[in-house]
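Here is what each chain is made of, one letter per residue.
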Amino acid sequence: MKILEVSGCGPLRGSTVTQGSKNSVLPILAASMLGGGSEISNCPSLSDVEVSLRILRHLGCTGALKNGVVTVDASGANAVNIPDGLMREMRSSVIFLGAVLARHGEAEICFPGGCRLGPRPIDMHLDALERLGAEIEVDGGRISCRAAKLRGAQINFSSVSVGATENAMIAASMAEGDTLIANAAREPEIVDLQDFLNKMGACISGAGSNVIHIKGVKELHGASHRVIPDRIAAATVLSAAAASGGRVELGRCRPQDMEAVLAVLGEMGCRMEIGSDSILLESRGRLKAPKPIVTAAHPGFPTDAQPLLMAACLTAEGNSVFIENIFENRYAHVPELRRMGAEIITSGRAAAIIGTERLAGAEVVAADLRGGAALLIAAMNAEGVSRIAGTEYIDRGYETPEAVFAELGAQIKRKEVKDAEQQQKKQAQEE
Ligand code: EPZ
């Protein structure tokens, strides 16, 4: 089993750059199958990207990532089903549904299944595709969609969904007629998807607002596109720098995508110099507990940054409160943080942190992507050595985290340990 071994390192210092956005490149890779040859740059090397490339290859496309550039040739796309194994490896593979349906008039997937964050339903995805004229049959865990021709429609989402907005945009881009999406998600990744689709010949406007207008076109072609920086990976580096009392310059980021997170870091006492594509963060002395952090759809405070800022709050002066409104179960990192001496109480969607002077290194296990990042932030700010198992979750969304943080002075090593040894240690802790 692979682990990250982290020695509490004191302040992080130095400069680093932001990886490309995972949550932007995944829908863009799905959309790329509507054209011929595409070249997508600033693509991070992540296991989720690898799964998406395997799905594209399964669907008859070619797709490869080299030196941060993905080249896709979708001219040979010839399959309409995504096997269960691939669907289960990455819940967000549902994002291929709209693309396969738009390309072939039919698509077959299995339910992506729930995860640690909660059940991850896809009802809004399916409702949107039905509004566009798809006939959907659900048989056991399999979903078959058919649409001889997708037709433009008015889609009113009952609540905000990033993935459902993206699926609707992709499917509607080649529908007959106009589509209006109301209550659309407003994330920067939605704007990036609009930009990519329009480079392919689509006619979409309004992304970034809650109303998106799509004029269906007959055909799309391949395109070249540079993916936006990953605002959550950026928030991860800044939260680690803040927690450690360091001074870090973060390049190739988009501060305008991170206003809610930067506001909290400022409230906690971090001094920041904000450039057009860089943020210099300095945190001197002990952080101060921020006002309650309530997660919401963009431009509200992002749910993905909740675990990250929680890690920064653990040793802040004062008590912090989080309300997690997006996912039902996004506190799996809490029991693991408690092993490091964090004082956290959760009740339903609320979590209260009593700031403590110090954390102590411990053996912990990541249960999801951003929770794993929170453990890493806490471990770098703890006294002594921590060993973080479950690195496969962290690798879904972070490109070589050990290299990024070692560049800033962290003592962090990726190691192979025998399962039994790790298990024994965990059991010893439980006794
Ligand atoms: C995207 O997930 C992101 N993933 C998530 O990032 C992010 O946390 C989430 O948006 C919210 O911002 C990618 O972009 C690949 P949603 P998505 O549909 O699209 C409910 C990370 O760590 N819902 O906006 O799956 C859903 O259960 C990941 O990078 C329905 O009820 O999220 C949730 O409670 C984690 N029915 C809420 O809506 C549906 O049909 C928001 O989910 C769809 C969603």
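Please read all numbers here as calculations on a predicted model, not as lab measurements.

Some thoughts on the environment of P11
Stage number 1. Note that P11 resides in the loop between β1 (2-7) and β2 (13-17).
Stage number 2. Considered as a pair, P11 and M200 are 189 residues apart in the sequence and their alpha carbons are 45 Å apart.
Stage number 3. Discounting residues that sit within four places of it in the chain, P11 has contacts with S244, G245, G246 and L408.

A few points about the site of the ligand
Stage number 1. D123, M124, S161, D304 and I326 are the nearest of the 20 residues found near the ligand.
Stage number 2. Taking R120, its side chain carries an N or O atom lying 3.0 Å from an oxygen atom of the ligand.
Stage number 3. Here D123 contributes a side-chain N or O atom positioned 2.7 Å from a nitrogen atom of the ligand.
Stage number 4. Here the ligand has 830 Å² of accessible area as a free molecule, and 84% of this is covered by the chains.
Stage number 5. Among the elements of the structure, α1 (22-31), α5 (123-131), α6 (162-172) and α12 (369-380) are those that each provide at least two residues to the shell around the ligand.
Stage number 6. With 3 residues, α5 is the largest single contributor of residues to the shell around the ligand.
Stage number 7. Of the residues contributing to the shell around the ligand, the split by class is 8 nonpolar, 6 polar and 6 charged.

Describing the nonpolar core
Stage number 1. If you look at the biggest cluster of nonpolar residues, it comprises 77 residues, and the most contacted ones within it are L29, M33, F96, I170, L197 and I212.
Stage number 2. In contact with I212, other than residues within four places in its own chain, are T165, M169, T179, L180, I181, A184, I190, I204, S205, G206 and A207.
Stage number 3. If you look at the next biggest cluster of nonpolar residues, it comprises 69 residues, including I293, M340, A379 and A410.

What to know about the sheet that holds strand β16 (residues 278-282)
Stage number 1. Ordered by their spatial adjacency, 4 strands build an open sheet running β2-β14-β16-β15, and the pairing between neighbours is mixed. Edge positions in the open sheet fall to β2 and β15 (271-274), since each of these has one partner strand only. Looking at each pair of strands side by side, their axes are set apart by 15 degrees on average, direction ignored.
Stage number 2. The pairing of β15 with β16 spans 4 bridges and is classified as antiparallel. In the sheet register, M272 faces β16, and the bridge partner there is L281.
Stage number 3. Of the strands in this sheet, β2, β14 (247-251) and β16 touch helix α8 (residues 231-244), which is tilted by about 170 degrees from β14.
Stage number 4. Relative to β15, helix α9 (residues 259-267) is tilted by about 145 degrees, and along the sheet it contacts β15 and β16.

A closer look at the pattern of salt bridges
Stage number 1. Summed over all chains, the structure comprises 26 salt bridges.
Stage number 2. The salt bridge involving R396 is made with D48; its shortest N-O contact spans 2.8 Å. Of this pair, R396 sits in helix α13 (residues 391-397) while D48 sits in helix α2 (residues 47-58), and the two are 348 residues apart along the sequence.
Stage number 3. Take R396: its relative accessible area is 23%, and that puts it in the partly exposed class.

Here's the deal with the packing of α1 against helix α7 (residues 188-199)
Stage number 1. Here α1 crosses α7 at 30 degrees, and the two axes come no closer than 9 Å. Viewed along their axes, α1 and α7 adopt a mutual orientation that is roughly parallel. Once α1 is placed against α7, the crossing between them reads as right-handed. Listed contacts from α7 to N23, S24, P27, I28 and A31 of α1 are E189, D192, L193, F196 and L197.
Stage number 2. Of the residues contributing to the contact of α1 with α7, the split by class is 6 nonpolar, 2 polar and 2 charged.

With respect to the sheet that holds strand β19 (residues 343-347)
Stage number 1. The 4 strands are arranged β17-β18-β20-β19 in an open sheet whose pairing can be described as mixed. For this open sheet the edge positions go to β17 (293-294) and β19, each flanked by a neighbour on one side alone.

Regarding the side chain of S144
Stage number 1. Here S144 shows up in strand β8 (residues 142-146).
Stage number 2. Here S144 falls in the buried class, since its relative accessible area comes to 15%.

Describing the side chain of E5
Stage number 1. Tracing the sequence through the fold places E5 in strand β1.
Stage number 2. The exposure class of E5 is buried, given its relative accessible area of 15%.
Stage number 3. Side chain to side chain, E5 and K415 meet in a polar contact 3.3 Å long.
Stage number 4. The residues contacting E5, other than those within four sequence positions of it, are V385, S386, R387, Q411, I412, K413 and K415.

Definitions and cut-offs
Residues numbered from 1 in each chain as written. Predicted model: local features only at pLDDT ≥ 70, side-chain atom pairs only at ≥ 80, totals over all residues. Heavy atoms only, no water. Helix = DSSP H or I, 4+ residues; strand = E, 2+ residues; numbered from the N terminus. Contact = heavy atoms within 4.5 Å. Near = heavy atom within 4 Å. Polar contact = N/O pair within 3.5 Å; in protein donor to acceptor, adjacent residues only side chain to side chain. Areas by Shrake-Rupley, 256 points an atom, 1.4 Å probe, with all protein chains shown as cover. Nonpolar A, V, L, I, M, F, W, Y, C, P; charged D, E, K, R; others polar. Core = buried A, V, L, I, M, F, W, Y, C linked by side-chain atoms within 4.5 Å. Buried < 20%, exposed > 50% of the residue type's maximum accessible area, 1.4 Å probe, protein only. Pairing = 2+ DSSP bridges. Axes fitted to C-alpha atoms, helices over the stretch in contact; angles between N-to-C directions. Salt bridge = Lys/Arg side-chain N within 4 Å of Asp/Glu carboxyl O. Parallel < 35°, antiparallel > 145°, perpendicular 65-115°, else oblique. Left-handed = near helix turned anticlockwise from the far one by under 90°.

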